[in-house]
Amino acid sequence: MDSSTNEPQAPQTLTDWLRHQTSGTLSRVGIVLHNIGIHPDTVTFLGWILVMVGAGFIANGQMQIGALWLILALPMDALDGAVARAMQRQGRFGAMLDSTLDRYADGFIFAALSYHFALNDLMGLFALAQVALIGSFLVSYTRARAEGLGVDCKVGIFTRVERLAVIMLMLLIPILLPIGVTVLAIGTQVTAGQRIWYVYRSLKNRGD
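Attention in this report is confined to the structure presented alongside it.

Calculation criteria
Residues numbered from 1 in each chain as written. Predicted model: local features only at pLDDT ≥ 70, side-chain atom pairs only at ≥ 80, totals over all residues. Heavy atoms only, no water. Core = buried A, V, L, I, M, F, W, Y, C linked by side-chain atoms within 4.5 Å. Buried < 20%, exposed > 50% of the residue type's maximum accessible area, 1.4 Å probe, protein only. Helix = DSSP H or I, 4+ residues; strand = E, 2+ residues; numbered from the N terminus. Contact = heavy atoms within 4.5 Å. Patch = residues over 30% accessible without salt bridge, like charges linked within 9 Å, V, L, I, M, F, W, Y side chains within 5 Å. Areas by Shrake-Rupley, 256 points an atom, 1.4 Å probe, with all protein chains shown as cover. Salt bridge = Lys/Arg side-chain N within 4 Å of Asp/Glu carboxyl O. Expected span 1.5 Å × (residues − 1). 1 Å grid on protein atoms, 1.4 Å probe; cavity = no way out; pocket = protein on both sides within 12 Å on 5 of 7 lines; lining within 4 Å. Points joined across faces, edges and corners; volume = space filled by probe spheres on them. Phe/Tyr/Trp six-rings, centres within 6.5 Å; stacked < 30°, edge-to-face > 60°.

## Notes on the nonpolar core
Step number 1: Formed by 34 residues in total, the largest nonpolar core has its most connected members in Leu70, Leu113, Ile167, Leu171 and Leu184.
Step number 2: Of the residues forming this core, the biggest block, seven residues, is contributed by helix α3 (residues 63-86).
Step number 3: Leave out the neighbours within four places in its chain, and Ile167 touches Leu70, Ile109, Phe110 and Leu184.
Step number 4: Core analysis: the next-biggest nonpolar cluster, separate from the first, contains seven residues, Cys153, Val155, Tyr198 and Leu203 among them.

In structure tokens:
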């Protein structure tokens, strides 16, 4: 019997929905970029650089300008995969590089927010930003660890798309920063817990 049939049904995430809605457009753009000689790793690095620049503005308190740089970086996170599919890339290094630079990007954003809060003696928000950073890494780590155990774990209320949506909103409307950081701190921890529970149930149903 296929052990995957024993896994609890995972709900569709916002990330899954967006990928489905944009898959056709991304595929066409990916083909165009591949045809003009753009490598998927180049797209990945460009997105990473844009996030670094945006984080610099955030650390300097220029939240809305930082948000605009992050908005420019967002399409790169999906386009690199589209270009890789267009070139029929077989190796797994690109996926590993993409995931690694995504973690760097998360770190840059929360480090920039933490620096800004500390500089302005907002230590409560500084602490919440650190909790959100830890939670963000845990959300990614629990999925990676689950995949190592043979469990496809994409569940949770705060996948990367939801986190980015909250980050963008609070940067574009800075008065929402305290609420946004609080939501991120709580939401990421809850999502990590959801993934741990999902993996526990999956492995238990398999008899592991």
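Following the structure, the description resumes.
## Examining a nonpolar patch on the surface
Step number 1: A cluster of nonpolar side chains, Leu68, Ile71, Leu74, Leu169, Leu172, Ile173 and Ile175, forms an exposed patch at the surface whose accessible area comes to about 630 Å².
Step number 2: With three residues, α3 is the single largest residue contributor to the nonpolar patch.
Step number 3: By the secondary structure assignment, Ile71 is in helix α3.
Step number 4: Given a relative accessible area of 37%, Ile71 falls into the partly exposed group.

## Details of helix α2 (residues 40-59)
Step number 1: Here α2 spans 29 Å end to end across 20 residues, near enough to the 28 Å set by a 1.5 Å rise per residue.
Step number 2: For α2, the full list of buried residues reads Pro40, Asp41, Val43, Thr44, Gly47, Leu50, Val51, Gly54, Ala55, Ile58 and Ala59.
Step number 3: As for α2, its buried residues are in contact with α3, α4 (93-119) and α6 (160-172).
Step number 4: Of the residues trailing α2, Gly61 is marked for its positive phi of about 85°.

## Brief notes about the environment of Ser202
Step number 1: Here Ser202 is to be found in helix α7 (residues 177-206).
Step number 2: Through-space distance from the C-alpha of Ser202 to that of Ala146 is 9.8 Å; in sequence the pair is 56 residues apart.

## So, empty space enclosed by the protein
Step number 1: Inspection of every chain in the model, using the stated rule, returns two cavities of 30 Å³ or more.
Step number 2: There is about 190 Å³ of room inside the largest cavity.
Step number 3: Taken together, 19 residues line the largest cavity, and the ones lying closest to its centre are Val51, Ala73, Asp77, Asp102 and Arg160.
Step number 4: Sorting the residues of the lining of the largest cavity by element identifies α2, α3, α4 and α6 as the ones contributing at least two each.
Step number 5: Among the elements that line the lining of the largest cavity, the one with the most residues is α3, at six residues.

## Details of the packing of aromatic side chains
Step number 1: Enumeration according to the criterion identifies six aromatic pairs in this entry.
Step number 2: A centroid spacing of 6.1 Å and a plane angle of 65° characterise the contact between Trp48 and Tyr104, whose relative ring orientation is edge-to-face. Taken together, the positions of Trp48 in helix α2 and Tyr104 in helix α4 put the pair 56 residues apart, joining distant regions of the chain.
Step number 3: Under the relative-accessibility criterion, Tyr104 is labelled partly exposed at 46%.
Step number 4: One aromatic cluster is present, formed by Phe45, Trp48, Tyr104 and Phe108 through successive ring pairs.

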